[in-house]
Number of protein chains: 2
Amino acid sequence: MVSVAIMGHGVVGSGVAEILTTHKKKLFAGLGEEIYIKKILDLREFPDSPLADRFTKDFDDILNDREIRVVAEVMGGVNPAYDFVKKCLKSGKSVVTSNKELVAAKGAELLDIAKENNVNFLFEASVGGGIPIIRPMSQCLIANNVDEVAGILNGTTNFILTKMITDGMQFDDALKLAQDLGFAERNPAADIEGHDACRKICILASLAYGKHVYPDAVHTEGITKITLDDVKYAETFGCVIKLIGRVKKLEDGKIDIIVAPMLVPKESQLANIDYEFNGIMVRGDCTGDVVFYGKGAGKLPTASAVVADIVDCCKHLKTRKYLYWTDGDSKNILPVEESVNAMYVRAKGADIAAKAEKIFGGVSIIDKADSADNETAFVTSEITLGEFNEKIAALVNEGAEILSTIRIGDL
Amino acid sequence: MVSVAIMGHGVVGSGVAEILTTHKKKLFAGLGEEIYIKKILDLREFPDSPLADRFTKDFDDILNDREIRVVAEVMGGVNPAYDFVKKCLKSGKSVVTSNKELVAAKGAELLDIAKENNVNFLFEASVGGGIPIIRPMSQCLIANNVDEVAGILNGTTNFILTKMITDGMQFDDALKLAQDLGFAERNPAADIEGHDACRKICILASLAYGKHVYPDAVHTEGITKITLDDVKYAETFGCVIKLIGRVKKLEDGKIDIIVAPMLVPKESQLANIDYEFNGIMVRGDCTGDVVFYGKGAGKLPTASAVVADIVDCCKHLKTRKYLYWTDGDSKNILPVEESVNAMYVRAKGADIAAKAEKIFGGVSIIDKADSADNETAFVTSEITLGEFNEKIAALVNEGAEILSTIRIGDL
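The rules behind the values
- Residues numbered from 1 in each chain as written.
- Chains lettered and ligands numbered in written order.
- Predicted model: local features only at pLDDT ≥ 70, side-chain atom pairs only at ≥ 80, totals over all residues.
- Heavy atoms only, no water.
- Patch = residues over 30% accessible without salt bridge, like charges linked within 9 Å, V, L, I, M, F, W, Y side chains within 5 Å.
- Areas by Shrake-Rupley, 256 points an atom, 1.4 Å probe, with all protein chains shown as cover.
- Salt bridge = Lys/Arg side-chain N within 4 Å of Asp/Glu carboxyl O.
- Lys, Arg positive; Asp, Glu negative; His and termini not counted.
- Charge placed at Lys NZ, Arg CZ, Asp CG, Glu CD.
- Helix = DSSP H or I, 4+ residues; strand = E, 2+ residues; numbered from the N terminus.
- Pairing = 2+ DSSP bridges.
- Buried < 20%, exposed > 50% of the residue type's maximum accessible area, 1.4 Å probe, protein only.
- Contact = heavy atoms within 4.5 Å.
- Polar contact = N/O pair within 3.5 Å; in protein donor to acceptor, adjacent residues only side chain to side chain.
- Core = buried A, V, L, I, M, F, W, Y, C linked by side-chain atoms within 4.5 Å.
- Phe/Tyr/Trp six-rings, centres within 6.5 Å; stacked < 30°, edge-to-face > 60°.
- Lys NZ or Arg CZ within 6 Å of the ring centre and 35° of its normal.
- Axes fitted to C-alpha atoms, helices over the stretch in contact; angles between N-to-C directions.
- Left-handed = near helix turned anticlockwise from the far one by under 90°.
- Nonpolar A, V, L, I, M, F, W, Y, C, P; charged D, E, K, R; others polar.
- Least-squares fit on C-alpha atoms with pLDDT ≥ 70 in both.
- Buried area = accessible area lost by both parts, 1.4 Å probe.

Taken together, the side chains of Glu109(A), Asp112(A), Glu116(A), Asp327(A) and Asp329(A) define an acidic patch exposed on the protein surface. One can find Glu116(A) in helix α5 (residues 100-116).

This part covers the pairing of strand β2 (residues 35-41) of chain A. Residue and element names in this part refer to chain A. Bridge count between strand β1 (residues 2-7) and β2: six bridges; the pairing is parallel. Directly across from Val-2, in β2, lies its bridge partner Ile-35. Two elements, β2 and strand β3 (residues 55-56), share two bridges in a ladder whose sense is parallel. Across the sheet, the residue bridging to Leu-41 is Thr-56, located in β3.

Time to look at the pattern of salt bridges. Across all of its chains, the model carries 61 salt bridges over all chains by this definition. For Asp370(A), the salt bridge identified is with Lys368(A), shortest N-O distance 3.0 Å. Here Lys321(B) and Asp312(B) are joined by a salt bridge, their closest N and O atoms 3.1 Å apart. Each member of the pair, Lys321(B) together with Asp312(B), is buried. Salt bridges sharing partners connect three or more residues here, namely Glu124(A), Arg135(A), Asp309(A), Asp312(A) and Lys321(A).

Residue position: His9(B) is located in the loop between β1 (2-7) and α1 (11-22). The residues contacting His9(B), other than those within four sequence positions of it, are Ser14(B), Ala17(B), Ile40(B), Leu41(B), Asp42(B), Arg44(B), Phe46(B) and Phe55(B).

For the rest of this paragraph, the subject is the environment of Asp65(A). Residues and elements named next belong to chain A. For Asp-65, the position within the fold is in the loop between α3 (59-63) and β4 (68-73). Owing to a relative accessible area of 12%, Asp-65 belongs among the buried residues under this scheme. Between the C-alpha atoms of Asp-65 and Glu-34, which are 31 residues apart in sequence, the distance is 18 Å. When neighbours within four sequence positions are excluded, Asp-65 is seen to be in contact with Lys-38 and Lys-93. At a separation of 2.9 Å, a polar atom in the side chain of Asp-65 contacts the side chain of Lys-38.

Where a protein is soluble and globular, its nonpolar side chains tend to be buried together. In terms of nonpolar packing, the biggest core is built from 240 residues, with Ile310(A) and Ile310(B) touching the most fellow members. In contact with Ile310(B), not counting residues within four places along its chain, are Val4(B), Val16(B), Leu20(B), Ile35(B), Val70(B), Ala72(B) and Val96(B). In terms of nonpolar packing, the next biggest core, distinct from the first, is built from 64 residues, Val240(A), Met262(A), Val336(A) and Ile359(B) among them.

Inspection of the entire model under this criterion finds 19 aromatic pairs over all chains. Judged by centre distance (5.0 Å) and plane angle (50 degrees), the ring pair of Phe159(A) and Phe183(A) falls under tilted. Note that Phe159(A) is positioned in helix α7 (residues 155-167) and Phe183(A) in the loop between α8 (171-180) and α9 (189-192), a separation of 24 residues in sequence. With a relative accessible area of 4%, Phe159(A) lands in the buried category. Taken together, the ring pairs in this structure connect Phe121(A), Phe123(A) and Trp325(A) into an aromatic cluster. A cation over an aromatic ring shows up here: Lys106(B) above the ring of Tyr82(B), its NZ or CZ 4.5 Å from the ring centre.

Residue and element names in this part refer to chain B. The interhelical angle for the contact between helix α2 (residues 24-31) and helix α12 (residues 299-315), taken along N-to-C directions, is 35 degrees, at an axis separation of 10 Å. Crossing angle aside, the handedness with which α2 passes α12 is right-handed. Contact residues: Leu-27, Gly-30 and Leu-31 in α2; Val-307, Val-311, Cys-314 and Lys-315 in α12. Of the residues that constitute the contact of α2 with α12, the class distribution is five nonpolar, one polar and one charged.

The next point concerns the relation of the copies chain B and chain A. Once turned by 180 degrees and shifted 0.0 Å along the axis, chain B lies on chain A with an RMSD of 0.0 Å. The symmetry that links the two subunits is that of a two-fold axis. Within chain B, Phe292(B) has its C-alpha nearest the rotation axis, a separation of 2.5 Å. The overlap is high: 100% of the interface residues of chain B also sit at the interface in chain A, so the same surface is used on both sides.

This paragraph deals with the sheet that holds β3(A). Residue and element names in this part refer to chain A. Read across the sheet, six strands follow the order β3-β2-β1-β4-β5-β6 without closing on themselves; strand pairing throughout is parallel. The sheet terminates laterally at β3 and β6 (121-122), the two strands that pair on one side only. In this fold helix α1 (residues 11-22) packs onto β1 and β2, with an angle of close to 155 degrees to the strand it touches most, β1.

All right, on to the sheet that holds strand β6 (residues 121-122) of chain B then. Residue and element names in this part refer to chain B. Taken together, six strands build an open sheet; the order of strands is β3-β2-β1-β4-β5-β6 and the sheet is parallel. Each edge of the sheet is formed by a strand with only one pairing partner; in this case those strands are β3 (55-56) and β6. When strand β5 (residues 94-97) meets β6, the two strands line up parallel, connected through two bridges. From the neighbouring strand, Val-96 faces β6, where its bridge partner is Leu-122.

This part covers the interface of chain B and chain A. Counting from both sides, the interface comprises 43 residues of chain B and, opposite them, 44 residues of chain A. Summing both partners gives a buried area of about 3800 Å² for chain B against chain A, and 60% of it is carried by carbon and sulfur. Contact with chain A buries surface across chain B, with Cys140(B), Ile142(B) and Tyr293(B) losing the most and accounting together for 16% of the total. Here chain B and chain A share 17 residue pairs in polar contact (both at pLDDT 80 or more) between them. Where the side of chain B that touches chain A is concerned, the elements lending two or more residues are α2, α6 (134-140), β12 (288-295) and α12 of chain B. Per-element tally for the side of chain B that touches chain A: the top contributor is α12(B), with eight residues. Of the residues contributing to the side of chain B that touches chain A, the split by class is 22 nonpolar, 12 polar and nine charged. Two elements, strand β12 (residues 288-295) of chain A and β12(B), share three bridges in a ladder whose sense is antiparallel. Pairing of Phe292(A) across the sheet is with Phe292(B), part of β12(B).

So, to be careful, I would describe these as geometric facts and stop short of saying anything about function.
Below, the structure written as structure tokens:
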């Protein structure tokens, strides 16, 4: 029997307790011994829970219990999770977490502390919810150099964009629907501004390239400026608009990492990932493109990934799984002005097509039947963001009003 | 340093040697020690290989070398691979293989021998080539009861069907093209008759349900009877025809397993998996649908999965990975006559629509503009195969000529 503790009894935490109870037999068969929930940390009271006698409000009850070998941190947020996780690792307990904010902010440090103390720190659930991605990348694809990772990493924004694309809903209406259905928080900023996706691509980038990438070093754009007009021009151009987190390895060893809405060609595997689903493409030098698809959030999908990590820790009480990266700074990150993309532009004014042609030298005009008067949308060839911004300024100088600019994702 | 041997220097075997050489640094970083290719078994000579001095034609050179701790079997076929693998496991060497024929035929026995000898027997590359699937199913999804696994498991047939669907090629022409491009063998029977896909769904079913499923217990149909007419009716019905391997868990504990072409609705995640790519959907009771996509074959994708297994064995020289199932018989397999599907039927004769309506009681006629004279295609509601066959006989009795019948996949 291995004793474990769960810190947090919210959506994911209660799911972890539920799966450890309902799937006891299957887990026993896989592990060869029983997993016993000895303590659950939460400041609230749960008198009606069948596990009511295991609850504590005092973290020290977990920290000082030497029988507890594995702790699941499912509280979310950096504080106090960071302090608790650090103390657990230092006291020789393995920790698993679904907390992407914590891993993105403190991953390298916590992995180091785990290594020093010969315990494991696993976080399969922190990216893609129930979709296996951390373990496949660190184990199955270990014989690959990863050239690129790109994904739809946030279900809320993908739900909103899908509703805009398939039902022609306005952004605000789609957001409200997502909130009503429980896909979006009352305060949706972390999702719609791209911060949640940013944390996840940072974790995947750190894993792929072995050096911690911090979210504040990553250029991040959300989807709040996307309009139905852009959605329709994208459709005409054979694309759908998706919020993409992407990291590429460049030839000079730098990485090009970004979170931004992109026009994704319909034939891309990522174009068909709709509603609250997530999809992650990993491009290995041996495997080529591998795509992982599923529900990126939700109580049981996320909790089942946490439980799989608990099982793995229980199996490796004396040995360490290889999941590690060192600390990093932003020096190996390409400045966003130097990143190269083809760009979609929607602009208002006279003779935009001719002016764009002159300034950008060869653009594809998107010929949409019901374009608004004086409105033109076009796509440039590949160009650095710095050069693009200069040319856009020149276009404005010639009297154009820029309505929107979105990257084309060559995915 | 861990010494390993490779048995077979064909497409996959030479790929394994190549990756172990070219990715030495990355593998060292992951494992913490060097993987040294000590022996390569092949009856042919490779005097120009940089590893020429490691080749042997004598299996005993590997078996009797106590320094060799891990052996990669990439010869293919059941014999002599079965005998060699058994001997390696019994002598305390871990074995990894890409050989689906071997795993489908002898998996339970070899897993047992591995367990008795406290070594590992891993076969990530046996299904889906470079797509991570065995490890995600056995580790990441361990906290799920698997309700269903369905996939496009054979790249050759998927390439042929894609060419029929997108380019309107005839089956024979598409097969010839696949052969010319190296996607199909000169003798394509194992692919186009469905046997290769059958071996793979048997491995996934054994893994999902813990009991070995043998290929000869599985109803298997290939794609040789699929015509362009069927492809076009499917298109009109909003579907594409794919060769699907599928296993479902039924409420009485039996499993419903089959390999057959199916009409897959275009909104299914499996419908967009084209050409030589594979895709596998795993439906867990906690995660919901998770889909894995990538190249299901090829030298480097497959070899990179073999190398990942080698690394895992090197890491677990003294402990066992949990990857196990017991022997099984066909008693838990639903007889194919009792399996339930909606069915597509294409038939020739007078008044087929009215007759089908009378006999099947409610069918959907597929209204294709350029149907041949006297030809009708329709889709039934869900029905057991036994009852379907009786009703088809009744339709024939009323003068219909049955041109084709294909299952509808509710995927």
